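Architecture at a glance
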Amino acid sequence: MRHHKLALCAPHYLEWFLAQTERTITRYHMFEPEERILVAVSGGKDSLALWDVLLRLGYPADGLYINLGIDGEGEYSHRSLEKIEAFMATRPEARLHVVDVAATYGATIPQVARRKLRGRGKPCAVCGLVKRHEMNRIAQEHGYAVLATGHNLDDEVAVLLSNVLHWQVGYLARQAPVLEEREGLGRKVKPLCRFYERETAAYALIRGLDYIYDECPFAEGNLTNFYKELLSRLETESPGAKMQFYLSFLQARKDGLFGQAAQEVTLHPCPTCGQPTSVPGPCAFCRLW
Amino acid sequence: MRVTYRDKTWEIAGRMTARQAVEKVGLIPETVLVVRQGQLLTEDTLLETTDEIRLVAVVSGG
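Notes on the structure in this doc start here. (Residues numbered from 1 in each chain as written. Chains lettered and ligands numbered in written order. Predicted model: local features only at pLDDT ≥ 70, side-chain atom pairs only at ≥ 80, totals over all residues.)

**Things to note about the overall build of chain B**
A count of helices and strands for chain B gives one helix and seven strands. In sequence order, chain B lays out its α and β elements as β-β-β-α-β-β-β-β. The globule rule puts the C-alpha radius of gyration for 62 residues at 11 Å, and the 11 Å found for chain B is close to it. Principal-axis analysis of the C-alpha atoms places the extent of chain B at approximately 35 × 20 × 20 Å. (Helix = DSSP H or I, 4+ residues; strand = E, 2+ residues; numbered from the N terminus. Rg over C-alpha atoms; globule rule 2.2 N^0.38 Å.)

**Some remarks on the nonpolar core**
All names here are of chain A. With 79 residues, the main nonpolar core has Ile-37, Val-39, Leu-64 and Ile-109 as its most contacted residues. The biggest single contributor to this core is helix H6 (residues 124-141), with seven residues. Residue contacts for Leu-64: discarding those within four places in its chain leaves Leu-38, Val-39, Ala-40, Val-41, His-97, Met-135 and Ile-138. (Core = buried A, V, L, I, M, F, W, Y, C linked by C-beta atoms within 7 Å. Buried ≥ 20, exposed ≤ 12 C-beta atoms within 10 Å, placed from the backbone. Contact = placed C-beta atoms within 7 Å.)

**Thoughts on helix H2 (residues 45-56) of chain A**
Residue and element names in this part refer to chain A. Between its first and last C-alpha, H2 extends 16 Å over 12 residues, near the 16 Å set by a 1.5 Å rise per residue. Within H2, 10 of the 12 residues are buried, leaving the element largely enclosed by the surrounding structure. What H2 keeps buried is the set Lys-45, Asp-46, Ser-47, Leu-48, Ala-49, Leu-50, Trp-51, Asp-52, Val-53 and Leu-54. In the core, the buried residues of H2 are packed alongside helix H1 (10-27), strand S1 (37-40), strand S2 (61-67), helix H3 (76-89), strand S4 (146-148) and helix H9 (197-207). Positive phi shows up at Gly-58, right after H2, with a value of about 90°. (Expected span 1.5 Å × (residues − 1).)

**Section: the interface of chain B and chain A**
Taken together, the contact pairs 13 residues of chain B with 26 residues of chain A. Partitioning the side of chain B that touches chain A into residue classes produces seven nonpolar, five polar and one charged. (Nonpolar A, V, L, I, M, F, W, Y, C, P; charged D, E, K, R; others polar.)

**A closer look at the sheet that holds S1 of chain A**
All names here are of chain A. Taken together, six strands build an open sheet; the order of strands is S3-S2-S1-S4-S6-S5 and the sheet is mixed. Strands at the two margins of the open sheet, each flanked by one partner only, are strand S3 (96-100) and strand S5 (178-179). Two elements, S4 and strand S6 (residues 187-189), share three bridges in a ladder whose sense is parallel. In the sheet register, Ala-148 faces S6, and the bridge partner there is Val-189. Packed onto the sheet, H2 meets S1, S2 and S4 and runs at close to 155° relative to S1. (Pairing = 2+ DSSP bridges. Axes fitted to C-alpha atoms, helices over the stretch in contact; angles between N-to-C directions.)

**With respect to the packing of H2 of chain A against H9 of chain A**
Residue and element names in this part refer to chain A. Here H2 crosses H9 at 65°, and the two axes come no closer than 9 Å. Overall, the two elements H2 and H9 adopt an arrangement that is roughly perpendicular. Here the hand of the crossing between H2 and H9 comes out left-handed. In this structure, H2 contributes Lys-45, Asp-46, Leu-48, Ala-49 and Asp-52 to the contact, and H9 contributes Thr-200, Ala-201, Tyr-203, Ala-204 and Arg-207. Its residues assigned to classes, the contact of H2 with H9 comprises five nonpolar, one polar and four charged. (Parallel < 35°, antiparallel > 145°, perpendicular 65-115°, else oblique. Left-handed = near helix turned anticlockwise from the far one by under 90°.)

**Some thoughts on the sheet that holds strand S4 (residues 32-36) of chain B**
Note on sheets: strands pair through backbone hydrogen bonds, and any given pair is parallel or antiparallel. Residues and elements named next belong to chain B. If you trace the five strands from one edge of the open sheet to the other, you get S2-S1-S7-S4-S5, paired in mixed fashion. Of all strands in the sheet, those bounded by a partner on one side alone are strand S2 (8-11) and strand S5 (39-41). Each neighbouring strand pair of the sheet contributes to a mean axis angle of 30°, computed without reference to strand direction. Of the pairings in the sheet, the one linking strand S1 (residues 2-5) to S2 comprises four bridges and is antiparallel in character. Bridge assignment links Tyr-5 to a residue of S2, and that residue is Lys-8.

**Here we look at the packing of H1 of chain A against H9 of chain A**
Residue and element names in this part refer to chain A. Two elements in contact, H1 and H9, have axes whose closest approach is 10 Å; the angle formed by their N-to-C orientations is 125°. One element, H1, and the other, H9, form an angle in the oblique class. Of the two elements, H1 crosses H9, and the hand of that crossing is left-handed. Each of Ala-10, Tyr-13, Leu-14 and Phe-17 in H1 lies in contact with H9, whose residues at this interface are Ala-202, Tyr-203, Ile-206 and Arg-207. Its residues assigned to classes, the contact of H1 with H9 comprises seven nonpolar, no polar and one charged.

Here's what the structure looks like:
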């Protein structure tokens with residue numbers, strides 16, 4: 001780890017990873033030991049690493065898997081669930097909620113994306129919308145105090161770069177390790193936000209977590225991966241650049257740089273599902289089906 | 001040594017560090033982990049000419 005000027009053997013790396021996660025949870029006041037946590041798991045390295053770490057740290061953390069129906073030749077969703085089931089087989093304390101989008105709403109993500117303007121070309125926007133809605137729904141229905149996602153530092157700086165390039169100050173104001181609870185929206189946290197992507201991959205590898213190695217078939221050529229590559233080139237030349245970019249941003253945000261944009265929009269309950277929406281009337285999720 | 005990454009394989013000659021091997025095959029060191037016989041290597045590990053190396057992409061999943 002050039003940015004930390006640190007090289008650790010496998011057992012010490014695992015210890016370091018756990019301690020760093022705990023430190024991040026405490027630093028950003030993410031949750032208390034007794035609070036119930038819902039972890040969004042995709043079968044990928046970050047979410048399985050996060051679930052594994054939280055269980056090892058003794059937190060009451062259950063999983064949520066959303067079956068998006070991205071199958072076809074590669075059987076992506078099907079294989080993702082298999083990875084999660086394999087993870088759970090050795091952890092009897094782990095409990096999983098599964099939402100099957102097609103069974104619940106009548107169409108898979110690729111199917112619904114094909115017939116909506118939002119999903120034309122690529123279903124990623126529809127996918128994000130469905131996941132956010134369902135994660136919040138399950139967390140609220142089952143009384144979880146907090147929803148935890150496996151976003152790592154590379155995810156965060158890729159989004160940050162995108163938002164800076166387009167000066168999306170509203171999005172910048174809302175990008176944080178913790179999104180506090182507000183009317184109808186549960187608290188969201190990102191305990192791995194200070195780990196480089198290679199660090200979460202290394203953790204998964206050393207721990208022997210069998211995760212889905214292939215990328216989502218719709219992720220190929222997407223802008224996020226392009227920004228990640230740009231930032232990795234920068235990091236190679238200037239170790240620590242990603243971390244500095246992220247932490248300076250968080251400091252600027254804390255100092256009120258995006259103060260005016262941070263003023264929250266008024267939310268209205270959707271008349272169909274009850275979840276909050278920024279415009280009165282049915283929310284974007286309910287208008288999908 | 002033989003270096004594999006996803007569906008690609010390279011044969012490269014000479015002794016070098018793990019980081020140099022990654023650069024030699026044209027990948028960005030930050031984007032891969034270097035694995036030999038199932039063991040993760042640090043980037044300054046000196047590789048032997050007979051080694052079989054697997055590069056693991058750090059971006060994966062969805």
